[in-house]
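The lines below spell out each chain.
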Amino acid sequence: MATTSEPTNGYTNPTSHTNGQGTAHELPVIIAGGGCVGLFLALLLAHSAIPIRIIVIELELPDPTSTRAMAHQPPTYPILARVPGLLPELVETGCLSSGLCFRTAAATGSKVIAGKAFDNNSGEAGMKGKGQLLLPQAKFQDVLMRRLEAFGDKAQVILQSRVVGFSESSTSVYVHVESRAGPEERLEAQYLIGADGARSSVRKMMGTASPGETLDAQLVATDLHGFDFAKYGFYDANFIIDPTDYGLIGRINRDGLWRVSYGVPAGLSEEEIKQGVDDKLRRMLPNDGVDEAGQKAYRVVRVAPYKAQQRCADTFWKGRVGIVGDAAHLTNPYAGLGLASGIADASSLSSVLTRILGSEASDADKLLASWSEARRQKYFSVVDKPSRMAYMRVKSDVGTPEKVDALLSHDPLVGALKKGMPMMPPSLETSVEELEGW
Ligand SMILES: Cc1cc2nc3c(=O)[nH]c(=O)nc-3n(C[C@H](O)[C@H](O)[C@H](O)COP(=O)(O)OP(=O)(O)OC[C@H]3O[C@@H](n4cnc5c(N)ncnc54)[C@H](O)[C@@H]3O)c2cc1C
Ligand SMILES: *[C@@H]1O[C@H](CO)[C@@H](O)[C@H](O)[C@H]1NC(C)=O
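Residues numbered from 1 in each chain as written. Chains lettered and ligands numbered in written order. Predicted model: local features only at pLDDT ≥ 70, side-chain atom pairs only at ≥ 80, totals over all residues. Heavy atoms only, no water.

Asks: Would you mind going over the overall build of the protein with me for this structure?
Replies: Assigned secondary structure in the protein consists of 12 helices and 21 strands. With the C-alpha coordinates of the protein rotated into their principal frame, the extents come out at 75 × 45 × 45 Å. Expressed as a percentage of contacts within the protein between residues at least 6 apart in sequence, the contacts between residues at least 24 apart total 74%. When the accessible area of the protein is evaluated, it comes to approximately 19000 Å², of which 51% is carbon and sulfur surface. If you average the places of the 45 positive and of the 50 negative side-chain charges in the protein, the two averages end up 3 Å apart. (Helix = DSSP H or I, 4+ residues; strand = E, 2+ residues; numbered from the N terminus. Contact = heavy atoms within 4.5 Å. Areas by Shrake-Rupley, 256 points an atom, 1.4 Å probe, with all protein chains shown as cover. Lys, Arg positive; Asp, Glu negative; His and termini not counted. Charge placed at Lys NZ, Arg CZ, Asp CG, Glu CD.)

Dropping the structure here:
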């Protein structure tokens, strides 16, 4: 892979290959956005048997400290494993969770309602029965970038550049790219895929609405160092159930970095959120977040407020342009499905595009349309619904033993965890062979 900051640097204009009469195969597939989803899609396409070039256009330089999504759910393991050797490398780079639980808030004693320990040693059994993979987003992206590098000219990531527009012909799409240095360039491609996140400009330029709703609270992802959660019997992931002090307390890495994520009223400004962090942490952490000497026992390294939204675009594909990941759909993080569903979009779309580019699809347009509809239906059935339930669950009242019993009897997931029953989350994947036009 060639990584450059300017489209002109080390980059041959794809139109010059074709001389106006080249076959469509010489044109690259362009991906707008080099987040986890865009890079994973690029890697899958690079691994395909089709001799295709992939260009990723990414607005930013990599930020090694970015954490954002930091826990990956077991249903994504078989998807990540489609890239040879990737899953073990990710496990090696991050670490595996040793357990998760639901517990009451600090004010009601931090009592464990239901919990499960995982065997997190990377032993013989492979990934079977393992818990979440803890891996900050920047580290995930770094592994994907380095793997793309091994593909040489086949895969290129152009940094500090943005997709600002596109125009379609019947046989190709011209992608308008603006770099920091140079003037706007037009790159001809077979397809453009927007993996450009929640504020996706590709989705907007497609003219596709993303109906849904913004939930009644903002979420604040606070990363902190130095607090001894193990001393208070905390698991690696702890869902805190409480009408006001709800949230998720989870280990991020092996070096004592933890995420304390909580909700604040929708109207609060960023300034007010930052001022309120210590107050909130006192309510969220055991022993009021202080040590024996009464001193603050943690150090906040990052405070990232973000909106909790449940949204899904009207279509994920139009003409030669599509969207995946956060560009296509958004969900609150309490079921841990935001990034996972984007990874599943990339996986199924790479199979669909490979089928079409290999001239094997019975009807390319139909296939892309049915992929889009299948992914939208997946969102509503296995992402939106469980995520909304997970959000309601963490906000429920478990202030008395009777209320805890009521939760255990009414909530199938927490109930099953309590009884030690295996949790089998529904698959996020789409069976591409069953799609119309395959
Ligand atoms: C603070 C925070 C905490 C989160 N915590 C969790 C969590 O615990 N669990 C969870 O599942 N999810 C979480 N999420 C959501 C998760 O980060 C997203 O679901 C995930 O990053 C989606 O990946 P993506 O690749 O689709 O988009 P992104 O990671 O947003 O990547 C999009 C990329 O596109 C680039 N870009 C944007 N516009 C353009 C353009 N015009 N041209 C070129 N490039 C462009 C951006 O620079 C960015 O790198 C969190 C999000 C935030 C903000
Ligand atoms: C398993 O969990 C423990 C305790 O949280 C942690 O210290 C260790 O690094 C984890 N092991 C692996 C292989 O990830």
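Asks: Before we go on, may I ask you to explain the nonpolar core in this structure?
Replies: A general tendency of soluble globular proteins is for nonpolar side chains to be buried together. Judged by nonpolar contacts, the single largest core of 83 residues is most densely connected at Phe40, Phe140, Tyr191, Leu192, Ile193 and Leu349. When residues no more than four places from it in sequence are discounted, the contact partners of Tyr191 are Pro28, Val29, Ile30, Val173, Trp317, Arg320, Leu353, Ile356, Leu357 and Leu368. Counting residues in hydrophobic clusters, the runner-up holds 24 residues, among them Ala217, Ala237, Ala308 and Val394. (Core = buried A, V, L, I, M, F, W, Y, C linked by side-chain atoms within 4.5 Å. Buried < 20%, exposed > 50% of the residue type's maximum accessible area, 1.4 Å probe, protein only.)

Asks: Help me understand the site of ligand 2, please; the structure alone is not making it clear to me.
Replies: All residues in the neighbourhood of ligand 2 are listed as Cys95, Leu96, Ser98, Asn120, Asp236, Arg251 and Arg254. Interatomic distance of 3.0 Å between a side-chain N/O atom of Asp236 and an oxygen atom of ligand 2. The separation between an oxygen atom of ligand 2 and a polar side-chain atom of Arg251 is 3.4 Å. Compared with its free state, where it exposes 360 Å², ligand 2 has 66% of that area covered by protein. Broken down by class, the residue content of the shell around ligand 2 amounts to 2 nonpolar, 2 polar and 3 charged. (Near = heavy atom within 4 Å. Polar contact = N/O pair within 3.5 Å; in protein donor to acceptor, adjacent residues only side chain to side chain. Nonpolar A, V, L, I, M, F, W, Y, C, P; charged D, E, K, R; others polar.)

Asks: Just to check I follow, could you spell out the pattern of salt bridges for this structure?
Replies: A side chain with one charge can pair with a side chain of the opposite charge if their charged atoms come near. If you walk through the whole model with that rule in mind, you get 21 salt bridges. Arg376 is the partner of Glu373 in a salt bridge, and the nearest nitrogen-oxygen pair spans 3.4 Å. Taken together, the residues span about one helical turn, with Glu373 and Arg376 both in helix α10 (residues 364–394) at a distance of 3 residues. Its relative accessible area of 34% is what places Glu373 among the partly exposed residues. The salt bridge partner of Asp397 is Lys403, with a shortest N-O separation of 2.9 Å. A single salt-bridge network, built from bridges that share partners, covers Glu213, Asp384 and Arg388. (Salt bridge = Lys/Arg side-chain N within 4 Å of Asp/Glu carboxyl O.)

Asks: Quick question: what am I supposed to make of helix α4 (residues 86–93) here?
Replies: For an α-helix the count is 3.6 residues per turn, leaving residues at separations of three or four pointing the same way. Restricting attention to buried positions, one finds in α4 the residues Leu86, Leu87, Leu90 and Val91. Buried residues of α4, viewed axially, fall in a sector of 135 degrees; they line one side. Among the exposed residues of α4, those oriented more than 90 degrees off its buried face are Pro88 and Glu92. Turning to α4, the residues buried within the fold contact α2 (36–47), α3 (77–80), β5 (95–96), β8 (133–134) and α5 (137–149). (Arc of directions from axis to C-beta.)

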